[in-house]
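Take a look at the letters that make up each chain.
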Amino acid sequence: MPKRARAQTGGRPGTKETIAMLGTGRLGQALGKRWAAAGHTLVYGSRTPEDERVRTLVKESGPRASATSLKEAAARADIVVFALPWKPVKDVLAALGDLTGKLIIDPMNAYPKIVEGYPYSPDNPISVGEQLQAWVPQATVVKAFNTISFRNVADPARAGGPVTIPLAGADVAAKGRVASLVSELGLEPLDTGPLIAARYLEDMLRLSVGYFIYTKGKAFEFYLRRTPG
Ligand SMILES: NC(=O)c1ccc[n+]([C@@H]2O[C@H](COP(=O)([O-])OP(=O)(O)OC[C@H]3O[C@@H](n4cnc5c(N)ncnc54)[C@H](OP(=O)(O)O)[C@@H]3O)[C@@H](O)[C@H]2O)c1
């Protein structure tokens, strides 16, 4: 099946995916290890794939995991997770090569400064997710996982109750495929609509970081309970 078609066919629960995890930091490790444990093939993309730290991550992710350069990882997978800081992404994209037909999962947040105790990002009126999609129109971006702490990805029980992972993006089938991956982690996907919703999802994260600063270290997770009927 052509790559473009595959990215849009949607996810059937139980489908085993090949996932490129760009970035081996806190979120990349948490998502990568759990998806690897669920039977997916993980290709970590790192600036230093030979480092002991990355080798350990690969080992902990089991027999279907490997690590390589960012470009090679993206080339090997249908699904590419940008578990990266937002700031270098424009430069990273220039080095990644062709992303045509890829399903990009975007968990990124930007909050370049703190104003009155809250993260503030006034400079770009659109979201990180929309900007990323504009830079790679040949791929399909789904905003997901930007509102949850990596600790609760690693261990959802730690959150003390259900956790919603809001999704946003233009492609309903792609969101379905991401929703399956979310559910496999014991988290609850919620399709919040087109990618413009990423503006509000990124504000949700700013709210939770602001609360963390305000309370000197207390945290919450989002649980969006759908009204019955
Ligand atoms: N931490 C969380 O709880 C959390 C939750 C939800 C969303 N997020 C979002 O997820 C993204 C990653 O967060 P994180 O906490 O995992 O960050 P992190 O721990 O700092 O890890 C980011 C990883 O990105 C790679 N990286 C860093 N600078 C880079 C550069 N200039 N070029 C290419 N790769 C670079 C590094 O991997 P290598 O060293 O292997 O190259 C690094 O380990 C952020 O946008 C954040 O807002 C984080």
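Values in this document were obtained by computation on a predicted structure and should not be read as measured data.

(A) Quick look at the overall build of the protein. A count of helical and extended segments in the protein gives nine helices and 10 strands. Looking at the protein residue by residue over its 229 residues, the buried ones come to 47%. Pairs at least 24 residues apart make up 68% of the contacts formed inside the protein by residues separated by at least 6 positions. As presented, the protein carries roughly 11,300 Å² of accessible surface, and 54% of it is formed by carbon and sulfur atoms. A distance of 2 Å separates the average location of the 30 positive side-chain charges in the protein from that of its 21 negative side-chain charges.

(B) Quick look at the site of the ligand. As a structural note, the neighbourhood of the ligand is formed by 21 residues, with Thr 24, Leu 27, Ser 46, Leu 84 and Phe 150 the closest of them. Residue Gly 25 places a main-chain N or O atom 3.1 Å away from an oxygen atom belonging to the ligand. Between the ligand and Asn 109 there is a distance of 3.3 Å, counted from an oxygen atom to a backbone nitrogen or oxygen.

(C) View of helix H2 (residues 26–37). Between its first and last C-alpha, H2 extends 17 Å over 12 residues, near the 16 Å set by a 1.5 Å rise per residue. Those residues of H2 lying buried are Leu 27, Gly 28, Ala 30, Leu 31, Gly 32, Trp 35 and Ala 36. The secondary structure elements touched by the buried residues of H2 are strand S1 (18–22), strand S2 (41–45), strand S4 (79–82), strand S5 (103–106), helix H7 (150–154) and helix H8 (172–184). The positive-phi residue at the C-terminal boundary of H2 is Gly 39, with phi of around 105°.

(D) Fine view of unusual backbone geometry. With a phi close to 50°, Glu 116 is a non-glycine residue in the positive phi region. Judged by its relative accessible area of 79%, Glu 116 falls in the exposed class.

(E) Highlighting the nonpolar core. Leu 31, Trp 35, Ile 105 and Phe 145 are the most contacted members of the largest nonpolar core, which totals 32 residues. At the level of elements, S1, H2, S2, helix H3 (52–60), S4, S5, strand S9 (164–167) and H8 are the ones that each hand at least two residues to this core. Ranked by size, the runner-up nonpolar core spans 31 residues in total, among them Leu 70, Ala 77, Ala 139 and Met 204.

(F) Molecular detail of the packing of aromatic side chains. The final tally for this structure, using the stated rule, is four aromatic pairs. Relative to Phe 145, the ring of Trp 35 has its centre 5.6 Å away and its plane inclined at 80°; by these criteria the two rings are edge-to-face. Separated by 110 residues along the polypeptide, Trp 35 in helix H2 and Phe 145 in the loop between strand S8 (140–143) and H7 bring together distant segments of the chain. Comparing Trp 35 with Phe 145, the two get one shared label, buried. Each ring, one from Tyr 211 and one from Phe 220, has its centre 5.1 Å from the other, and the planes form 55°; the classification is tilted. Exposure remark for Tyr 211: the relative accessible area of 28% places this residue in the partly exposed category. For Phe 220, a relative accessible area of 29% translates into the label partly exposed. Taken together, the aromatic side chains of Tyr 211, Phe 220 and Phe 222 make up a single cluster linked through ring pairs.

(G) Local environment of the confidence of the model for the protein. For the protein, per-residue confidence averages 93 on the pLDDT scale, and 94% of positions sit at 70 or higher. Here helix H1 (residues 3–7) stands out as the least confident element of the protein, with mean pLDDT 40; S5 is the most confident, with 99. Note that residues 1–10 has pLDDT below 50 and, in this model, 25 contacts with residues that lie over four places away or in other chains.

(H) Highlighting the pairing of strand S10 (residues 188–191). Strand direction decides the pairing type here: S9 and S10, joined by four bridges, are parallel. Looking at S10, one finds that Ile 165 is bridged to Pro 189. For the crossover from S9 across H8 to S10, the handedness is right-handed.

(I) Focus on the sheet that holds strand S3 (residues 65–68). Taken together, six strands build an open sheet; the order of strands is S3-S2-S1-S4-S5-S8 and the sheet is parallel. Where the open sheet ends on each side, the last strands, each with one partner, are S3 and S8. Ignoring which end each strand starts from, the neighbouring axes of this sheet average 25° apart. Bridging between S4 and S5 involves three bridges; their strand directions are parallel. Directly across from Val 81, in S5, lies its bridge partner Ile 105.

Procedures and definitions
- Along each chain, residues carry numbers from 1 onward, in the same order as the chain's sequence is written.
- Reporting of local features is limited, given that this is a predicted model, to residues whose pLDDT is at least 70; pairs of side-chain atoms are given and counted only at 80 or more, and all residues count toward the totals for whole chains, interfaces and linings.
- Heavy atoms throughout the structure, all of them, feed into the side-chain values; hydrogens and water do not.
- Here a strand is any run of E in DSSP of at least two residues, a helix any run of H or I of at least four, and the numbering for each starts at the N terminus.
- Partly exposed residues are those whose accessible area sits between 20% and 50% of the maximum for their type, while under 20% is buried and over 50% is exposed, using a 1.4 Å probe and protein chains only.
- Residue contacts are counted whenever heavy atoms from the two residues lie within 4.5 Å of one another.
- Only the protein chains shown count as covering a residue, and every accessible area follows the Shrake-Rupley method with a 1.4 Å probe.
- This count recognises Lys and Arg as positive and Asp and Glu as negative, with His and chain-terminal groups excluded.
- Think of each charge as sitting on NZ of Lys, CZ of Arg, CG of Asp or CD of Glu.
- Working definition: residue near molecule or strand if any one of its non-hydrogen atoms lies within 4 Å of it.
- Pairs of N or O atoms are called polar contacts if they sit within 3.5 Å, as long as, within protein, a hydrogen donor faces a hydrogen acceptor (for residues adjacent in sequence, only side-chain-to-side-chain pairs).
- Multiplying 1.5 Å by the residue count of a helix minus one yields the expected span of that helix.
- Throughout this description, the term nonpolar core refers to a set of buried Ala, Val, Leu, Ile, Met, Phe, Trp, Tyr and Cys residues connected via side-chain atoms within 4.5 Å.
- Stacked, tilted and edge-to-face are the three classes assigned to paired rings of Phe, Tyr and Trp, where Trp is represented by its six-membered ring and a pair needs centres within 6.5 Å; plane angles under 30 degrees give stacked, over 60 edge-to-face, the rest tilted.
- What pLDDT conveys is the predictor's confidence in a given residue, as a value from 0 to 100.
- Pairing between two strands is assigned when DSSP locates at least 2 bridges connecting them.
- For crossovers, right-handed means that the path from the first strand over the helix to the second runs clockwise, given strands pointing away from the viewer.
- For helices, the axis comes from a line fit to the C-alpha atoms of the stretch in contact; other axes are also lines fit to C-alpha atoms, and the angle between any two N-to-C directions lies between 0 and 180 degrees.

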